[in-house]
Amino acid sequence: MNSSPVLATDKVIMRTEPVQQRSAERITLLLDAAAALIDDTGIDGVTTSAVAKRSRSSVGVVYRYFPNIQSLLRALAARNMERYLERVWEGVENSPPEAWSSFDSTLDAFIEMTRNEPGFRALRFGDVIDQRFLSPELSNNAMLARAFAEQVSRTYGFQPDDELIFHLEVAIEIASGLLTRAFQLDKNGDARFIEATRELCGSYLRTHIPLPRT
């Protein structure tokens, strides 16, 4: 079942709301430029002038939409989360009915983005900058846990509660730590750490959140 991944973007503030297609396209160019710069020079290399040059824009255009680099990176992190959740929902919809059968595709979506999505390996959802980069009230992983809880509850027809969210967040924290280590030195990911993530998190979820067949 599809769910609109809006959790990441409701806290992102830009100077100008991109209500027109041309503005939206311009913002996409700026975010793409920032992502490419992250891959080339690291997060510290993302400056207003560098983004303007890479996107073939002016510094004034960058400032029209983003008051500072922090807000631009926040928007990119939000886009990363949106794209990731879109892949997660697609994996859920195509999974067999067994409980937690979608876990592998959820993990694989993160791995695929880390390998192939520009800027994702370094920035992810902004947690490398601040654990509450996307929201002052919740950590980035807590936001993911709530998004996953919504999807699980829709799939299996029950209301999510604090216990469900807690166990999902624990699994996400385990996966986050192990996958950070997996990609720390290897851009394709250390297979041993990836498989340890799959085994530990899959076992934790099946043990603490036993779901029925759909």
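Structural data are supplied above this passage.
A few points on the structure.

The rules we used
- Residues numbered from 1 in each chain as written.
- Predicted model: local features only at pLDDT ≥ 70, side-chain atom pairs only at ≥ 80, totals over all residues.
- Heavy atoms only, no water.
- Helix = DSSP H or I, 4+ residues; strand = E, 2+ residues; numbered from the N terminus.
- Buried < 20%, exposed > 50% of the residue type's maximum accessible area, 1.4 Å probe, protein only.
- Areas by Shrake-Rupley, 256 points an atom, 1.4 Å probe, with all protein chains shown as cover.
- Lys, Arg positive; Asp, Glu negative; His and termini not counted.
- Charge placed at Lys NZ, Arg CZ, Asp CG, Glu CD.
- Core = buried A, V, L, I, M, F, W, Y, C linked by side-chain atoms within 4.5 Å.
- Contact = heavy atoms within 4.5 Å.
- Expected span 1.5 Å × (residues − 1).
- Arc of directions from axis to C-beta.
- Salt bridge = Lys/Arg side-chain N within 4 Å of Asp/Glu carboxyl O.

### Describing the overall build of the protein
Then step 1. Each helix and strand in the protein was counted, giving 9 helices and 0 strands.
Then step 2. When the helices and strands of the protein are listed from N to C terminus, the series reads α-α-α-α-α-α-α-α-α.
Then step 3. Counting only C-alpha atoms, the protein reaches 55 × 40 × 30 Å along its principal axes.
Then step 4. When burial is assessed residue by residue, the protein has 46% of its 214 residues classed as buried.
Then step 5. Accessible area for the protein stands at about 11100 Å²; split by element, carbon and sulfur atoms hold 50% of it.
Then step 6. Averaging the locations of the 24 positively and 29 negatively charged side chains of the protein gives two centres separated by 8 Å.

### Side note on the nonpolar core
Then step 1. Core analysis: the biggest nonpolar cluster contains 64 residues, and Val51, Tyr84 and Leu168 have the highest contact counts within it.
Then step 2. Top element by residues in this core is helix H4 (residues 69-93). It accounts for 13 residues.
Then step 3. If we skip the residues at most four places from it in the chain, leucine 168 touches Trp100, Ala145, Phe148, Ala149, Leu205 and Ile209.

### Things to note about helix H9 (residues 191-208)
Within an α-helix, residues lying three or four positions from one another point in the same direction, as the helix has 3.6 residues per turn.
Then step 1. The end-to-end C-alpha distance of H9 is 26 Å, a good match for the 26 Å that 18 residues give at a rise of 1.5 Å each.
Then step 2. Turning to H9, its buried residues number three or more, namely Ile194, Thr197, Arg198, Cys201, Gly202, Tyr204 and Leu205. Looking straight down H9, one finds that the buried residues subtend no more than 165° of arc, so they occupy a single side. Across H9 from its buried face, at more than 90 degrees, point the exposed residues Arg192, Glu199 and Thr207.
Then step 3. As for H9, its buried residues are in contact with helix H5 (103-116) and helix H8 (162-182).

### Some remarks on the environment of glycine 60
Then step 1. Within the fold, glycine 60 resides in helix H3 (residues 59-65).
Then step 2. Taking the C-alpha atoms as reference points, glycine 60 and threonine 48, separated by 12 residues in sequence, lie 9.2 Å from one another.

### Description of the pattern of salt bridges
Then step 1. Under the definition given, this model contains 10 salt bridges.
Then step 2. A salt bridge links aspartate 32 to arginine 79; its shortest N-O distance comes to 2.9 Å. One end of the pair, aspartate 32, is in helix H1 (residues 21-41); the other, arginine 79, is in helix H4, with 47 residues separating them in the sequence.
Then step 3. Using a relative accessible area of 10% as the deciding quantity, one classes arginine 79 as buried.
Then step 4. One salt bridge in this structure joins glutamate 112 and arginine 87, with 3.2 Å as the shortest N-O distance. Placement of the pair is glutamate 112 in helix H5 and arginine 87 in helix H4, with a sequence separation of 25 residues.
Then step 5. Judged by relative accessible area, which is 31%, glutamate 112 ranks as partly exposed.
Then step 6. What emerges from the salt-bridge pattern is a single network uniting Asp104, Asp108, Glu195 and Arg198.

### Describing unusual backbone geometry
Then step 1. We note that arginine 56 has phi near 60°; this positive angle belongs to a residue other than glycine.
Then step 2. By the element assignment, arginine 56 lies in the loop between helix H2 (48-54) and H3.
Then step 3. Note on arginine 56: relative accessible area 80%, which makes it exposed.
Then step 4. Unusually for a residue other than glycine, arginine 124 sits at a positive phi of about 50°.

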